[in-house]
Amino acid sequence: MAVSAIDNRYCGPMNRVFDEENRLQKWLDVEAALAYAHGKLGNIPKKDADEIQKKADTRFVKLARVKEIEGEIDHDLMAMVRALSEACKGGAGGYVHYGATSYDIEDTALALVMRDANALIRKRLSVLRKILLGLAKGHKRTVCIGRTHGQHAVPMTYGLKFALWAAEVARNEERLGEAEARVYVGKMSGAVGTMATFGEKAFEVQRLVMERLKIAPALVSNQVIQRDRHAEMLAVLALIACSLEKIANEIRNLQRTELMEVAEPFGKKQVGSSTMPHKRNPHKSERISSLARVVRADLAVALENIALQHERDLTNSANERLIIPEAYILLDYMLSQASLVLSGLEFFPENIKRNLEMNSGLVMAERLMVSLTEKGMGRQEAHEFLRGASRRAVANKRHLKAELLSDPKISQYFTLKEIDGLFDESSYIGKAVEIVERAERELA
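Anyway, here's the lowdown on the structure attached to this text. In this numbering scheme, every chain counts its residues from 1 along its sequence in written order. A pLDDT threshold of at least 70 governs which residues receive local features in this predicted model, and a stricter bar of 80 or more applies before side-chain atom pairs are shown or counted, although totals over entire chains, interfaces and linings include all residues. No hydrogens and no water enter the side-chain calculation; it runs on all heavy atoms of the structure.

1. Overview of the pattern of salt bridges
In what follows, salt bridge is the name for a side-chain nitrogen of Lys or Arg lying within 4 Å of a carboxyl oxygen of Asp or Glu. For the structure shown, the criterion picks out 34 salt bridges. For K26, the salt bridge is made with D116, and the minimal N-O distance between the two is 2.9 Å. One end of the pair, K26, is in helix 3 (residues 20–41); the other, D116, is in helix 7 (residues 102–138), and 90 residues separate them in sequence. Only protein chains enter the area calculation, which uses a 1.4 Å probe; residues under 20% of their type maximum are buried, those over 50% are exposed, and those in between are partly exposed. Exposure remark for K26: the relative accessible area of 10% places this residue in the buried category. The partner of R124 in a salt bridge is D332, with the nearest N and O atoms 2.8 Å apart. Of this pair, R124 sits in helix 7 while D332 sits in helix 12 (residues 317–343), and the two are 208 residues apart along the sequence. By relative accessible area, D332 is classed as buried at 1%. Comment: elements are numbered from the N terminus, with helices defined as DSSP H or I runs of at least four residues and strands as E runs of at least two.

The following block contains the structure:
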């Protein structure tokens, strides 16, 4: 029976990357690479190296047998070593794990697991970026009100909003690649990092193992790969989670009853509330926001793991069995949910227009200030003139245009036709369309 929600609720293909069977196979892959290196260098008989490589597979080394041995000896990695040794014919079993310490295997295997995990995250990010670019293209001329400090600011477009998010997703893709170069490393350096058990050919053993596994050898290590590497990767995962939360929060706010400009897709049989039949809650976006807090919390633990004592202690080991799978599984789920929400996002054009126009022209005060300056009024004088007119318009419950037309001063600068044009929100979006088109080209 599942206990954690990442096993049966917030789950997906990432769970298979971190399940016990795959972890066991990655351990066996490293043992196979170690046997290959020893055989190639003549450290062990080639036939025994070949036998170890053949049997280093979960078809021969069963998870149940490993768990049975672990129950007896209370050491999971050594249980795998014994199970693999049992599976090997002849004297090959005597060469399993030759020269290695547990974390030569475990940390090198962890790099392989994280490589598989990052491949899934990368695919999810690519899909999300393309969805956002599609939305940016489709809505590059959908004029809406921009908001700062929770207040109406000036007009913008929904395309610009989506392009902004697409660019952030692209930066997260870059960050992932940069961190990968530092986390895809392994080691064969022994108990404290001296490589003593591998003898004179130690560097060659390590090089051959890592070449076989297609990862880089750590330049220097002690008993473990240093945890700043893993903390950096979890920091990238946390940044991605924060980006998703930003998107989710915006959708949640725009779906408020008072705004209702966009909304999550809502199934025909979907229930919003157990007691309020009318509710259409943005629950997927809220779920993303909720899970982002967990991924950020996992990073805090990873940062604590950097300061291990002396050449290593076990204070990182137990928590990493939780935080690394959890962060990846939750982020994978969050990315899938974000893509689902955005690909089915529903727009309400009449509400977008209503909200754009609801402040009776006040959002065009900036444009009028700039235009007055262009006509010869000093910038500060223009700012004060529009500030006063805006305050009077609010007090008198009038449209800003009507308030300005009641002041003879405005006719010294603009004709009535010019004033009408200055209050056209759709014509005051600056380079928004070009910005989106540039993003389309550069982020595709």
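Back to the write-up after that little detour.
2. Comments concerning unusual backbone geometry
Although it is not a glycine, M195 adopts a positive phi angle of roughly 65°. Counting through the fold element by element, M195 comes out in the loop between strand 3 (185–186) and helix 9 (202–213). If you check the backbone angles, K214 has positive phi at about 65° while not being a glycine. By secondary structure assignment, the location of K214 is in the loop between helix 9 and strand 4 (216–217).

3. What about helix 4 (residues 46–55)?
Taken residue by residue, helix 4 has D48, A49, E51, I52, Q53 and K55 as its buried positions. In what follows, a contact means two residues having at least one pair of non-hydrogen atoms within 4.5 Å. Structurally, helix 4 contributes buried residues whose contacts are with helix 3, helix 6 (76–87) and helix 9.

4. Quick notes on the environment of R59
Take R59: it is sitting in the loop between helix 4 and helix 5 (63–73). Its relative accessible area of 58% is what places R59 among the exposed residues. Once the C-alpha coordinates of R59 and Q25 are considered, the two residues, 34 residues apart in sequence, prove to be 9.6 Å apart.

5. Section: the nonpolar core
If you look at the biggest cluster of nonpolar residues, it comprises 111 residues, and the most contacted ones within it are F162, Y328 and L342. Tallying contributions element by element places helix 7 first for this core, with 16 residues. Ignoring any residue separated from it by four or fewer positions in sequence, one finds Y328 in contact with M14, F18, M114, A117, N118, I121, M233 and L237. Among buried residues, those of type Ala, Val, Leu, Ile, Met, Phe, Trp, Tyr and Cys that are joined through side-chain atoms within 4.5 Å constitute a nonpolar core. By size, the runner-up hydrophobic cluster in this structure holds 25 residues, among which are I145, V363, A389 and F423.

6. Here we look at the layout of surface pockets
The definitions used throughout rest on a 1 Å grid laid over the protein atoms alone, on which a cavity is an enclosed set of points accommodating a 1.4 Å probe that cannot get out and a pocket is an open set flanked by protein within 12 Å on both sides along at least five of seven lines; lining residues are those having an atom within 4 Å of a point. Grid points are joined across faces, edges and corners, and a volume is the space filled by probe spheres set on the points. Size it by volume and the largest pocket reaches roughly 660 Å³. Taken together, 26 residues form the lining of the largest pocket, with F18, R23, E320, R321 and P325 sitting closest to its centre. Secondary-structure elements contributing two or more residues to the lining of the largest pocket are helix 1 (5–8), helix 2 (14–18), helix 3, helix 7 and helix 12. Here the lining of the largest pocket takes 8 residues from helix 12, the largest share from any one element. Considered as a void within the structure, the second largest pocket measures approximately 280 Å³ in volume.

7. What to know about the packing of aromatic side chains
Two rings from Phe, Tyr or Trp (for Trp, the six-membered ring) form a pair when their centres are within 6.5 Å of each other. A pair whose planes differ by under 30 degrees is stacked, one over 60 is edge-to-face, and the rest are tilted. Considering all chains together, one arrives at 7 aromatic pairs under this definition. Centre to centre, the rings of Y10 and Y333 are 5.3 Å apart; their planes meet at 55°, and the pair counts as tilted. Here Y10 is found in the loop between helix 1 and helix 2, whereas its partner Y333 is found in helix 12, with 323 residues between them in sequence. On the basis of relative accessibility, which here comes to 18%, the residue Y10 falls in the buried class. Where F162 meets W165, the ring centres are 5.7 Å apart and the plane angle is 75°; that geometry is what we call edge-to-face. Of this pair, F162 and W165 both sit in helix 8 (residues 158–183), 3 residues apart, which is roughly one turn of that helix. Aromatic ring contacts, followed pair by pair, group Y158, F162, W165 and F347 into a single cluster. Above the plane of the ring of F60 lies K55, whose end atom (NZ or CZ) is 5.5 Å from the centre. Sitting over the face of the ring of Y36, R212 holds its NZ or CZ atom 4.5 Å from the ring centroid. Whether a charge sits over a ring comes down to the Lys NZ or Arg CZ being within 6 Å of the ring centre and within 35 degrees of the ring normal.

8. Section: the side chain of N351
Turning to its location among the elements, N351 is positioned in helix 13 (residues 349–357). Separated by 2.8 Å, the side chain of N351 and the backbone oxygen of M260 make a polar contact. Counting of polar contacts relies on pairs of N or O atoms within 3.5 Å, with two restrictions inside protein: one atom must be capable of donating a hydrogen and the other of accepting it, and residues adjacent in sequence are counted only when both atoms are side-chain atoms.

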